[in-house]
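Residue-level structure breakdown
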Amino acid sequence: DSSKRGPREGLDIEQYSCLFAAMVGIGAGMMAVVTLLQILCGERADCICKSRVRWLRHLDPKDSSPATFQIEKVNGKTVARPVPLAPAIAALLHGWLSNGLKGPAGNEWPFPGTNLDDPAAYLFPGLALGGTGPKRNRRVFDKPLTVRGYRSRLYEAAAVLERERS
């Protein structure tokens with residue numbers, strides 16, 4: 001119920017930049033990219049979390065075709081459509097996909113093991129929590145990031161920003 005959350009407000013560019021930096025700083029670079037795509041596309045987290053490699057088209061700055069994020073119907077609320085990407089955003093995403101978005105703790109997105117040559121690969125793979133040894137909290141490349149997992153890191157970044165402000 002939205003009345004329990006209170007009124008919603010958008011972020012200005014300075015606030016969003018701080019949120020992005022906080023997410024990368026806590027090792028959640030992937031979540032920072034999810035927020036960026038959410039803002040650019042005006043889509044729910046559920047849609048963006050299910051993004052696949054094939055959704056990103058013509059990102060290379062040398063490509064003469066306009067860059068797009070080709071949203072596919074992933075649930076009952078999503079409308080399949082192309083979303084144009086500004087050349088600067090396309091170049092930024094291309095750079096991250098080529099060289100990684102690296103965080104201070106050595107984390108990066110895309111994760112090592114992500115098959116960017118597979119058009120069906122998830123851009124934001126899920127995480128299997130629990131287990132022991134090498135099976136503890138492992139990345140699951142054939143399942144998408146859950147909205148719950150995304151939101152938990154978003155709340156964590158918000159808490160960091162709140163502590164910095166006080």
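For the structure itself, consult the block above.
Residues numbered from 1 in each chain as written. Predicted model: local features only at pLDDT ≥ 70, side-chain atom pairs only at ≥ 80, totals over all residues. Heavy atoms only, no water.

What to know about the side chain of asparagine 75
Checked against the element boundaries, asparagine 75 lands in the loop between strand 2 (68-71) and strand 3 (81-84). In this structure the side chain of asparagine 75 is engaged in a polar contact, spanning 2.9 Å, whose partner is the backbone nitrogen of lysine 77. Apart from residues no more than four positions distant in its own chain, asparagine 75 is found in contact with Asp46 and Cys47. (Helix = DSSP H or I, 4+ residues; strand = E, 2+ residues; numbered from the N terminus. Polar contact = N/O pair within 3.5 Å; in protein donor to acceptor, adjacent residues only side chain to side chain. Contact = heavy atoms within 4.5 Å.)

Looking at unusual backbone geometry
Geometrically, the link from tryptophan 109 to proline 110 is a cis peptide bond, its omega value of -5° lying close to zero. With respect to the element layout, proline 110 can be found in the loop between strand 5 (108-109) and strand 6 (125-128). Phi at histidine 58 is positive, roughly 60°, even though this residue is not glycine.

Focus on helix 2 (residues 13-25)
Under the 1.5 Å per step criterion, the end-to-end length of helix 2 is 18 Å for 13 residues, consistent within 8% with the ideal 18 Å. Within the span of helix 2, buried status applies to Tyr16, Leu19, Phe20, Ala22, Met23 and Val24. Capping the start of helix 2 is the job of one residue whose side-chain oxygen sits 3.1 Å from the backbone nitrogen of glutamate 14: aspartate 12. At the C-terminal side of helix 2, glycine 27 shows a positive phi close to 85°. (Expected span 1.5 Å × (residues − 1). Buried < 20%, exposed > 50% of the residue type's maximum accessible area, 1.4 Å probe, protein only.)

Quick word on the sheet that holds strand 2
The strand order across the open sheet built from three strands is 1-2-3, with neighbouring strands paired in antiparallel fashion. Two strands in the sheet have a free side with no partner beyond their single neighbour: strand 1 (56-57) and strand 3. Examined bridge by bridge, strand 2 and strand 3 share four bridges and lie antiparallel to one another. Bridging from a neighbouring strand, threonine 68 pairs with proline 84 of strand 3. (Pairing = 2+ DSSP bridges.)

Some thoughts on the nonpolar core
Ranked by size, the top nonpolar core spans 43 residues in total, and within it Phe69, Leu93 and Phe124 carry the most contacts. For this core, the leading source of residues is helix 3 (residues 29-41), giving eight residues. Once residues within four sequence positions are removed from consideration, phenylalanine 124 is found in contact with Met30, Val33, Val34, Leu37, Ile48, Cys49, Ser51, Trp109, Lys143, Pro144 and Leu145. (Core = buried A, V, L, I, M, F, W, Y, C linked by side-chain atoms within 4.5 Å.)

What to know about helix 5 (residues 87-99)
Taking 1.5 Å per residue as the helical rise, helix 5 with its 13 residues ought to reach 18 Å, and the 18 Å between its terminal C-alpha atoms agrees with that figure. Among the residues of helix 5, those classed as buried are Ile89, Ala90, Leu93, Trp96 and Leu97. Along the axis of helix 5, the buried positions cluster into a sector of 130°, meaning they face one direction only. The exposed set on the far side of helix 5, more than 90 degrees from its buried face, consists of Pro87, Ala88 and Asn99. Against the buried residues of helix 5 lie helix 2, helix 3, strand 1, strand 4 (101-102) and strand 5. (Arc of directions from axis to C-beta.)

Describing the side chain of threonine 68
Topologically, threonine 68 is positioned in strand 2. Contact partners of threonine 68, with chain neighbours within four places excluded, come to Trp55, Leu56, Arg57, Pro82, Val83, Pro84 and Leu85.

Structural notes on the pattern of salt bridges
Applying the stated rule across the entire model yields five salt bridges. Among the ionic pairs, arginine 54 bridges to glutamate 72, the shortest N-O distance being 2.6 Å. Taken together, the positions of arginine 54 in the loop between helix 4 (45-49) and strand 1 and glutamate 72 in the loop between strand 2 and strand 3 put the pair 18 residues apart, joining distant regions of the chain. Classification of arginine 54 as partly exposed rests on a relative accessible area of 29%. (Salt bridge = Lys/Arg side-chain N within 4 Å of Asp/Glu carboxyl O.)

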